[in-house]
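One letter stands for each residue in the lines below.
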Amino acid sequence: MASVDECRQALQELAGRLERNAETVREHVDLDRTLACRITDLDTAFHGRLADGCLVDLADGDDPKAKIALSTSSDDLLALVRGELDITRAVASRRVSIKANPFDLMKLRKLL
């Protein structure tokens, strides 16, 4: 099981990767939504905002009103960020749960 700090670092790495890709994605993906990432095995959460292809305002704590909510284990979060776990397969196998409207899911897929 990964630690809370490792999960926080993984999300910061993801935010950095999205920022580096934002310029090419921004014109194709118009997505401005709140995001919650719930780590089920650590009973913790993080929240932020997806805006202009970037993950910004990343902070500890849950956002129960987030428009996009991702739930997963700490190890699966790290595997997703490292590219060791495919998001589509993870959702299909229920290792990851994403709650969002269908249009947001399509846009989110383009970001990742």
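Basis of the calculations
Note that residues are indexed from 1 along each chain, following the sequence as it is written. Local features in this predicted model are restricted to residues whose pLDDT is 70 or higher, and side-chain atom pairs enter the listing and the counts only when it is 80 or higher, whereas totals over whole chains, interfaces and linings include all residues. Remark: hydrogens and water are excluded; side-chain values derive from all non-hydrogen atoms of the structure. Think of it this way: any DSSP run of H or I at least four residues long counts as a helix, any run of E at least two long counts as a strand, and we number them from the N terminus. The atom set for the radius of gyration is the C-alpha atoms, and the globule formula is 2.2 Å times the number of residues raised to the power 0.38. To sort residues, take the accessible area from a 1.4 Å probe on protein chains only and compare it with the maximum for the residue type: under 20% means buried, over 50% means exposed, and anything in between is partly exposed. We call two residues contacting when some pair of their heavy atoms lies within 4.5 Å. Using the Shrake-Rupley algorithm and a 1.4 Å probe, accessible areas are obtained, with residue cover drawn only from the displayed protein chains. Only four residue types enter the charge count: Lys and Arg as positive, Asp and Glu as negative, with His and the chain ends excluded. To locate a charge, take NZ of a lysine, CZ of an arginine, CG of an aspartate or CD of a glutamate. At least two bridges found by DSSP between two strands is the condition for calling them paired. Axis lines are fitted through C-alpha atoms, for helices just across the contact stretch, and the angle between N-to-C directions can take any value from 0 to 180 degrees.

- The chain has the name SCP-2 sterol transfer family protein in an unreviewed UniProt entry, where Micromonospora olivasterospora is given as its organism.

**Some words on the overall build of the chain**
Working step 1: Helix and strand counts for the chain come out as 4 helices and 5 strands.
Working step 2: Taken from the N to the C terminus, the helices and strands of the chain come in the order α-β-β-β-β-α-α-β-α.
Working step 3: Here the C-alpha atoms of the chain give a radius of gyration of 13 Å, agreeing with the 13 Å that 2.2 N^0.38 yields for 112 residues.
Working step 4: Counting only C-alpha atoms, the chain reaches 40 × 30 × 25 Å along its principal axes.
Working step 5: Here the chain, with 112 residues, has 39% of them falling under the buried criterion.
Working step 6: Considering only contacts within the chain whose residues lie at least 6 apart along the sequence, 64% involve residues at least 24 apart.
Working step 7: Surface accessibility of the chain: about 6800 Å² in total, with carbon and sulfur atoms responsible for 48%.
Working step 8: Across the chain, 17 positive and 20 negative side-chain charges occur, with their mean positions spaced 6 Å apart.

**Concerning the sheet that holds strand E4 (residues 68-72)**
Working step 1: Strands sit in the order E3-E2-E1-E4-E5 across an open sheet of 5 strands; the sheet is mixed. Single-partner strands in this sheet number two, and they are strand E3 (54-60) and strand E5 (96-99). For this sheet, the mean inter-axis angle between neighbouring strands, taken without regard to orientation, is 20°.

**Details of helix H2 (residues 74-82)**
Working step 1: Extensive coverage of H2 is indicated by the burial of 7 of its 9 residues.
Working step 2: Every buried residue belonging to H2 is among Ser-74, Asp-76, Leu-77, Leu-78, Ala-79, Leu-80 and Val-81, and all of these are buried.
Working step 3: Gly-83 occupies a position one or two residues after H2 and carries a positive phi of about 85°.

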